[in-house]
Structures are given as structure tokens and as C-alpha cells.
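Take a look at the letters that make up each chain.
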Amino acid sequence: MQMTVEEKDTDKVASKSGATRDIFLPPERQRVRDGGNPHVMAKNFSIFYGDFEAVKKVSADILSKYVTAIIGPSGCGKSTFLRAINRMNDLIPSCYTTGTLMFDGEDIYGRYTDEVQLRKKIGMVFQKPNPFPKSIFDNIAYGPRLHGVKDKKVLEEIVEKSLRKAALWDEVKDRMERNALGLSGGQQQRLCVARTLAVGPEILLLDEPTSALDPKATAKIEDLIEELRGSYTILIVTHNMQQASRVSDYTMFYYEGDLVEYAPTKQLFTNPRDQVTEDYITGRFS
Amino acid sequence: MNLGTRKILDRSFTVVGITSIMLMATALLVVVVPIFTGGIGAIYFEGTIEHRKLQYNEFGKGDRGAIERQIAETEPYRNEVFRILDAFGDEMETMEPGEKRNYLSKYKKVRKMLSRLLGPLPGDQKPILLRYQYGSTRWEKAEELLHDLMFVTKWDYSNPDEMAKRYFVPRADEFAGTALASLFLYLENNLEKMLLPERTFYWGFLTDRSLDAHIFGGIWAEIQGTFFLAVGAMLFAFPLGVIAAIYFTEYARDNFFTSILRSANSTLAGVPSIVFGLFGLAFFINTIKVSDSKSVLAGSLTLAIMILPTIIRAAEEAILAVPKTYKEASLALGSTKWRTIVTVILPAALPGIITGGIISLGRAAGETAPIIFTAAVSVGATIGLADVFTMPTPALSWNIYNLASEHEAANEIRHVQYGMVLALISIVLLLNLSAILLRARISKKLKG
């Protein structure tokens, strides 16, 4: 492509993306499996780091029990948006939000919202596998213990169930007392998923869960997402567009803090409505 | 810079580095070797029959039968000495008054030295001080005394341009032609049979109380005092320090108040220890009156304030070194901040916190200045645990200074001074070693 054309296109997008900021509901909303309730709803939702607006007036519904991928170039606000959903951005003192972000009819940033209870329902898996330096069992049991499960039998049940769901049970069942840091990177990441599942969340936030893993481990995580599809609402931030197209039902494309396009994955990757989206998914910039 | 120059620079830096490390190692050896050899002398030495007698009489240690047998063995030789003394005493009675006066002071001197060597002589009153109730307990001291007894030390001032020269004159010359003249040769030949030196391991040096201001006995009171003071300081400083570190790292916001607190902490770390000592006296004893006078409690509190900044700093560093991801993981599972700190952050920071704590403990054990005014006494009895609130205690650091500089017989108890130094260094080194081992152990457990 010619340089001049690219520049022209970018200009066009800037004005275009402004227009697409309003509430956007995917056309297939009727087909949502559990009756079509949006699980998380953002309305004019902005996130600031001090003066810097990292996410700009996003309005979107995230549909229950679907896998939604969030893609976009580095620094576009996709991780910030993800972390806003379970209020992990609270750790950054200068961070604040405007607009509303609702979860199951509750304002996530409401004055009376208990972020601890919220995080129990909205689990998160991070970019780098981060098991605690404890035994495998204690890692999984950490969440349930936190929420008051003391009975050893019940704990064992939860641990086994979570590990089975995370497709890790067969690999670790004989070494539950070993330190989790002795596992391989891929196993550690699946352990982190299992640890999150053990709390019984409704939403799983995956923040580039495979970026630190090799292709084989990545494939296993993707299989795992496939397994969990339909049981949890899953949001996955990824740099890898093939991954987004493989695992997700819907895809959000962020660019410079704007939610540029939000559509069924197939549609977004085959027939993007927006020029920037097209440039991005065809690899013209990254 | 070209490759050749760079390589030469690298190499010369290596040489400089190795040299400086070697210099430090040499300095360490120069300090440690005499302390070690001198300190060992307090425990392992040639003990005489007087040592064994003392141990039996004062501490009830040793085999009575064997000691009595040995005393009986020495009797004939000692009796011969006493016989010569008596003979000279009788001889003096027959002398002219002027001649007698001439001999009397010299004779008294000989008797005094003999009593230092063999214990009280027959006919003497029982001495009040314990140090005069026994002869020489250590063979090398006995040999020194024997030399003093054999020779009179004189100084040669004949050359005014030089310092006076020391020379020795046989004491036997002073008594030439009298009955006492034969004493000196007899002593030289038979002293070993009178004192029966044996190689002795005196472990009691570490566990016995001191007798007559450290002339005899051990240093248990000092070891125990050091232990009380250091552990007491830790009891106050460790929890406070860790709490402060948690506040600084997890709760404090970056504002004016916090920055003042932080700089106060750094300043506290740089205050000379003698100032802490005076502060402890002025504040803990005179103002809030934790005790009427010096006490272990006041000393512990003073030491605690002194080591607090170090503990805070170490704990802060350790907490900050815990990967942020642990905290995120815990919070994302629905944990509260406090639960996260207790169940995830503190366990992961534990090696660093404990290391800082034990090194501070070593420092508290070794500090002298803060306890001079608040807790330490030169010569004191071993105190019980219940007395720590009201009673002062001897402590290794302070008594090392005191025995070396202020003791009236400082010259005769060099072995005790060295022994104390070795004990203190060993305690501090053991603490540091245990810190290293503990750290390695916990780190290994954490790493899996």
C-alpha cells in the first residue's frame, strides 16, 4: 500500500471512531444462550491515570457465557479496561473512572460496592503465571479458605474439581504437596486458572494468559478456554489475533483508548466495518 | 576505547579488587587470631591443684578423693618450704635489731609472694578476699610469679640519654648466708610438685558465676545479661519494626507526613549509640520511670529504639522485594488487603525480615554505649528472669571494657578479658550464621 493512502485512512478513522462510541449491541444478541442478559455493561465509561485518559467513554455490553476477546495495539487501553472490571486498577493510586460500569445490575464503582465480594465473582488470570510459593493444594485452596471453607474434605473436593476443570488434575494429582513453583510455565498458568475457578466466579478475566508461554502450553490454555466456554463469561485480552479468532465469540478492538469496533469475531475478522480495524488485523500496524 | 585498553583496565581492576579483599582478610586475621588464641586460654589451660581446690570448694565440682590425694602429694614439698621459712624466722630472732630490721621487709615481701603462689602460709590469718585464699590457679601465672620471686627487678639509669634499662638481680643474693638462701633453688626445682599443673578444660568459664570480681570463676552472669538485653530489645523492636514496615510499604500514601516519618527513621539510624544511652537514661529512667534505677528493662528499651530503624529498613526492603504479582493474585481471588499481607506478602518476605532481625539482635548484643547508663553494672550477681524489671545486670560488652580499663587487677585477668571477647564474638557470629542458614532454608522452601 502507498504511504499516502495510509495517512488518509487514519484521518478518516479518527472521525469515524468518534461516531461509534455510543452503546453498541452486537446484532446476534438474541442468540445469547442464557436468555441474552448482558453480564457487564459499560456506559460512557472512562478510565484515567491522573490526567491521561486511558479508556475513552466506552459503551458496550459483554454477553453472559460467551468468550469475548479484546485486541488492539500496545497501550490502547485493553488491559486497563479488563482490569477495571474487577477493580484491580484500585492498586494504582492515581487511577479513577467516570461513567458507569455495571455487573449484574450492580455498579462496579458504586460507593457501596464491596470490591472484595466483587472479585470473588469476577476472577482474573494474569499475563505471567503467578502461583503463590506454596504447595499446589494450598494454592488452589487459598481462595476457598479465604471465603470460609475449613472442612478438609470439602476443600479436597473443590481442589480436585477445579484442577479437573483446568485440565491439570492428571498431571499433578500425585504431587499435591509439592511447591507450585516447581511446575512448568504452562502448568503454572493452568494452576492459576484452577485457583481462580476454585472461588466459583461467574466471569473469568484473562489478561494475555499465553504471552509468557510456549506454543504447546498455549494450545493447552486455548483448549481449556474451549472447555470452559458456556459455563463462564470469559474475557480474554490477547496480542495474538489468530488466538482471538480461534477462541472467541465476540471481539472488541481498542485503539488509543477508543473502542473502535465490537462485533462477532467472524464478522470482525472477515468483514471489519472500520478501516483501522482492517489495518490492524491485516497487520499493517501492531 | 580500544579493545587492548579495555582489557588492561578490566584486568587492573580485578587486581585492585583482589588486593583490597586480601587486605581486609589480613586485617580480620590480625584481629581474630589473637582474640581466638587468647580467648581459648580462658577455657583450656594448665590448671594447678589450687584451681581444682577452688572448683571443689566454691562450686562443688571435682572428685574430692582425688583432690585430697593430690594435696597430700604436694604436702611434703610445701612443708619443706614452710620449714625453711620457719628456720629463717628463728634465725632472725637471734639477729642484731638493725640487721633484723634490714631483713624483715624483704622477708615479708617473700612471704607475700609465696602466699600468692601457694595460698595462705601457716601462721597467717585467713584472708578476707577470696583472691588471697588460694594460690596460683593457672600454671603460666605461677611461672611468672616464680620469676618475680627468684629475681628482683631493677632499673639502670646510668645513661641519661636513653630510657632506663631493666635488669634482674637474683633475690637469693639478698639473703646470702642465711637459712632462706636455699629456698629459691628449692622452689625453682620443686614448684611443679607443689602445684601439680594439669591440662584443664574449664567449661565452667562459660557457665559459672564470677568470684571476687572475675579473679576466679566464669562469665555466666555476663552471658545471661547480654542474652536478656538483646532478646528484650528484640521483643520490643521486632513487632514494632515489622508493623511500621507494613505501614510504610502498604498503607502510607506519599504525602508530607509520610516523608517526615521516613526521614525521621533514617535520621534515627544515624544517631550515635551513646546518644541513645543518654536518651534512655533521661527518658526511660528519669522521665517515665520504668524502673527506679538502671534495669534490664530500661536497657532493652534503649537498645530497641537503637535497632528499630534497621529492622524497619530491612523489613521494608523485604516486603518491597515480594513480587507484585503475588499481591495481585491474592486480591483477584477476593482477598482483603490485610489477609493478603498476612497470608501472602509476609510469608514471602519472611527470609528478609528474619535476617534483618537477627543481624539487629547481634548488634544489640554487642552494643556498649546504650547500656552504660541504663542497664549495665560492672560486677553483679546473676539475676533471675523475674528481676529484669528492677535489676541491672552485667553484660559482656560493658564488662569487656570495664575489666580491661577499670579493674584493679586488670593485668592479672587478661585471660578473662580475652575469654569475654571471644564469647561475645562467638555469640554474634552464631547469630549471624543462624540468620544465613534460616534464610537459606526458608528461601528454599519458598522456591520449591
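Residues numbered from 1 in each chain as written. Chains lettered and ligands numbered in written order. Predicted model: local features only at pLDDT ≥ 70, side-chain atom pairs only at ≥ 80, totals over all residues.

### Considering the overall build of chain A
Of the regular secondary structure elements, chain A holds 11 helices and 10 strands. Per-residue burial for chain A yields a buried fraction of 47% across its 286 residues. Counting only contacts in chain A whose residues sit at least 6 apart along the sequence, the fraction spanning at least 24 positions is 70%. (Helix = DSSP H or I, 4+ residues; strand = E, 2+ residues; numbered from the N terminus. Buried ≥ 20, exposed ≤ 12 C-beta atoms within 10 Å, placed from the backbone. Contact = placed C-beta atoms within 7 Å.)

### Regarding the interface of chain B and chain A
The interface of chain B with chain A comprises 17 residues on the first partner and 24 residues on the second. Of all the secondary-structure elements, those providing two or more residues to the side of chain B that touches chain A are helix 12 (324-332), helix 13 (337-366) and helix 16 (414-447) of chain B. For the side of chain B that touches chain A, the element with the highest residue contribution is helix 12 of chain B, accounting for 6 residues. By residue class, the composition of the side of chain B that touches chain A is 8 nonpolar, 5 polar and 4 charged. (Nonpolar A, V, L, I, M, F, W, Y, C, P; charged D, E, K, R; others polar.)

### What to know about the pairing of strand 3 (residues 165-170) of chain B
Where a strand is regular, its side chains alternate between the two sheet faces. All names here are of chain B. Little of strand 3 sits inside the fold, with 0 of its 6 residues counted as buried. With 6 bridges joining them, strand 2 (residues 151-156) and strand 3 adopt antiparallel strand pairing. Its bridge partner lying in strand 3, W155 is registered against R166. (Pairing = 2+ DSSP bridges.)

### Brief notes about the sheet that holds strand 4 (residues 95-103) of chain A
All names here are of chain A. Reading across from one edge, 2-1-4-5 is the order of the 4 strands in this open sheet, with antiparallel pairing throughout. Looking along the sheet, the strands with just one partner apiece sit at the ends: strand 2 (52-63) and strand 5 (106-107). Both strand 4 and strand 5 contribute to a ladder of 2 bridges, which runs antiparallel. Bridge assignment links F103 to a residue of strand 5, and that residue is E106.

### Digging into the packing of helix 10 (residues 273-287) of chain B against helix 11 (residues 296-320) of chain B
Residue and element names in this part refer to chain B. Relative to each other, helix 10 and helix 11 sit at 130 degrees, their axes nearing to 9 Å. Comparing their axes, helix 11 and helix 10 come out oblique. Crossing hand, helix 10 versus helix 11: right-handed. Contacts between helix 10 and helix 11 involve S273, F276, G277, G280, F284 and I285 from the first element and A298, L301, T302, I305 and M306 from the second. Its residues assigned to classes, the contact of helix 10 with helix 11 comprises 7 nonpolar, 4 polar and no charged. (Axes fitted to C-alpha atoms, helices over the stretch in contact; angles between N-to-C directions. Parallel < 35°, antiparallel > 145°, perpendicular 65-115°, else oblique. Left-handed = near helix turned anticlockwise from the far one by under 90°.)

### As for the environment of T368(B)
Residue and element names in this part refer to chain B. Tracing the backbone through its elements, the reader meets T368 in the loop between helix 13 and helix 14 (369-372). For the pair formed by T368 and T267, sequence separation is 101 residues and the distance between their alpha carbons is 20 Å. The contact partners of T368, leaving out residues within four places of it in the chain, are S397, W398 and Y401.

### Looking at helix 9 (residues 256-270) of chain B
Counting along an α-helix, one turn takes 3.6 residues, and residues three or four places apart therefore face a common direction. Here helix 9 of chain B spans 21 Å end to end across 15 residues, near enough to the 21 Å set by a 1.5 Å rise per residue. When you tally the buried positions in helix 9 of chain B, you get 0 out of 15 residues, a small fraction of the element. (Expected span 1.5 Å × (residues − 1).)

### Here we look at the packing of helix 15 (residues 396-405) of chain B against helix 16 of chain B
All names here are of chain B. The N-to-C vectors of helix 15 and helix 16 enclose an angle of 160 degrees; their axes lie 9 Å apart at closest approach. Between helix 15 and helix 16, the crossing angle belongs to the class labelled roughly antiparallel. Of the two possible hands of crossing, helix 15 and helix 16 adopt the one that is left-handed. Every residue of helix 16 that contacts helix 15 at L396, S397, N399, I400, L403 and A404 is listed here: V416, Q417, M420, V421, A423 and L424. Classifying every residue of the contact of helix 15 with helix 16 by side-chain character gives 9 nonpolar, 3 polar and no charged.

### Quick notes on unusual backbone geometry
All names here are of chain A. Not every positive phi belongs to a glycine, and R87 is a case in point at roughly 60 degrees. Among the structural elements, R87 can be located in the loop between helix 2 (78-85) and strand 4. Residue R87 is classed as buried on the basis of its C-beta count, with 21 C-beta atoms lying within 10 Å. For E256, which is not glycine, the phi torsion reads 50 degrees and is therefore positive.

### Topic: helix 8 (residues 215-228) of chain A
Residues and elements named next belong to chain A. Here helix 8 contains 14 residues, and its C-alpha end-to-end distance of 20 Å stays within 8% of the 20 Å for a straight helix at 1.5 Å per residue. The complete set of buried residues in helix 8 reads I221, L224, I225 and L228. End-on view of helix 8: buried residues confined to an arc of 100 degrees, all on one side of the axis. The outward face of helix 8, more than 90 degrees from its buried face, is lined by the exposed residues P215, K216, E226 and E227. Next to the buried residues of helix 8 lie strand 3 (67-71), helix 7 (185-198), strand 7 (203-207), strand 8 (233-237) and helix 9 (241-247). Immediately beyond the C-terminal end of helix 8, within one or two residues, lies G230, with a positive phi of roughly 95 degrees. (Arc of directions from axis to C-beta.)

### Examining the domain arrangement of chain B
On domain assignment, one finds that chain B holds domain 1 (46-202) and domain 2 (220-447). One C-alpha centre belongs to domain 1 of chain B, the other to domain 2 of chain B; they are set 50 Å apart. (Domains from an automatic or database assignment.)

### Notes on the sheet that holds strand 8 of chain A
Residue and element names in this part refer to chain A. If you walk across this open sheet you meet the 6 strands as 6-7-8-3-9-10, and the pairing is mixed. If you trace the sheet from one side to the other, it starts and ends with strand 6 (122-125) and strand 10 (258-264), each paired once. Between one strand axis and the next, the sheet turns by 15 degrees as a mean value, whatever way the strands run.

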